[in-house]
Amino acid sequence: NKVTRQEIAVMLLRALKAVMPAINTTAEFKTKFQDEGQIANWALEAVRFMNSHDIIRGTEVGGVSYILPLGNTTREQAISLVLRIYNTFTGL
């Protein structure tokens, strides 16, 4: 099945919490996204966290940033996200 960007953010944050139970997931967006209001309430914490740590960076079109929370995640994007998490949180 296809996985949206907000769904993968939640799945990855849950995996991170499983291996790092004491991790602080309180975060704010680093980027102002035009479509931030489309993020579901159940995914907001995860998307904020992933953006604050440069795991999910969004897409820029014409100088405007979008997170595209309902867009599908490609295999390549999923691999990049896992690699960014590994590089960011290894050794903490």
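Basis of the calculations
Residues numbered from 1 in each chain as written. Predicted model: local features only at pLDDT ≥ 70, side-chain atom pairs only at ≥ 80, totals over all residues. Heavy atoms only, no water. Helix = DSSP H or I, 4+ residues; strand = E, 2+ residues; numbered from the N terminus. Rg over C-alpha atoms; globule rule 2.2 N^0.38 Å. Buried < 20%, exposed > 50% of the residue type's maximum accessible area, 1.4 Å probe, protein only. Contact = heavy atoms within 4.5 Å. Areas by Shrake-Rupley, 256 points an atom, 1.4 Å probe, with all protein chains shown as cover. Lys, Arg positive; Asp, Glu negative; His and termini not counted. Charge placed at Lys NZ, Arg CZ, Asp CG, Glu CD.

### Here we look at the overall build of the chain
- Assigned secondary structure in the chain consists of three helices and two strands.
- For the chain, the succession of helices and strands along the chain, N to C, is α-α-β-β-α.
- On C-alpha atoms alone, the chain measures out to a radius of gyration of 13 Å, which is about the 12 Å that the 2.2 N^0.38 rule sets for 92 residues.
- Projected onto its principal axes, the C-alpha positions of the chain cover 40 × 30 × 25 Å.
- By the burial criterion, 36% of the 92 residues in the chain qualify as buried.
- Excluding contacts between residues fewer than 6 apart, the proportion of contacts in the chain whose partners are at least 24 apart in sequence is 75%.
- By element, 53% of the accessible surface of the chain is carried by carbon and sulfur atoms, the whole surface being about 5,900 Å².
- With 10 positive and 8 negative side-chain charges, the chain shows a separation of 4 Å between the mean positions of the two kinds.

### Points about unusual backbone geometry
- Residue Asp 54 is not a glycine yet carries a positive backbone phi of 60 degrees.
- Judged by its relative accessible area of 33%, Asp 54 falls in the partly exposed class.
- Not every positive phi belongs to a glycine, and Leu 68 is a case in point at roughly 50 degrees.
- With a relative accessible area of 32%, Leu 68 lands in the partly exposed category.

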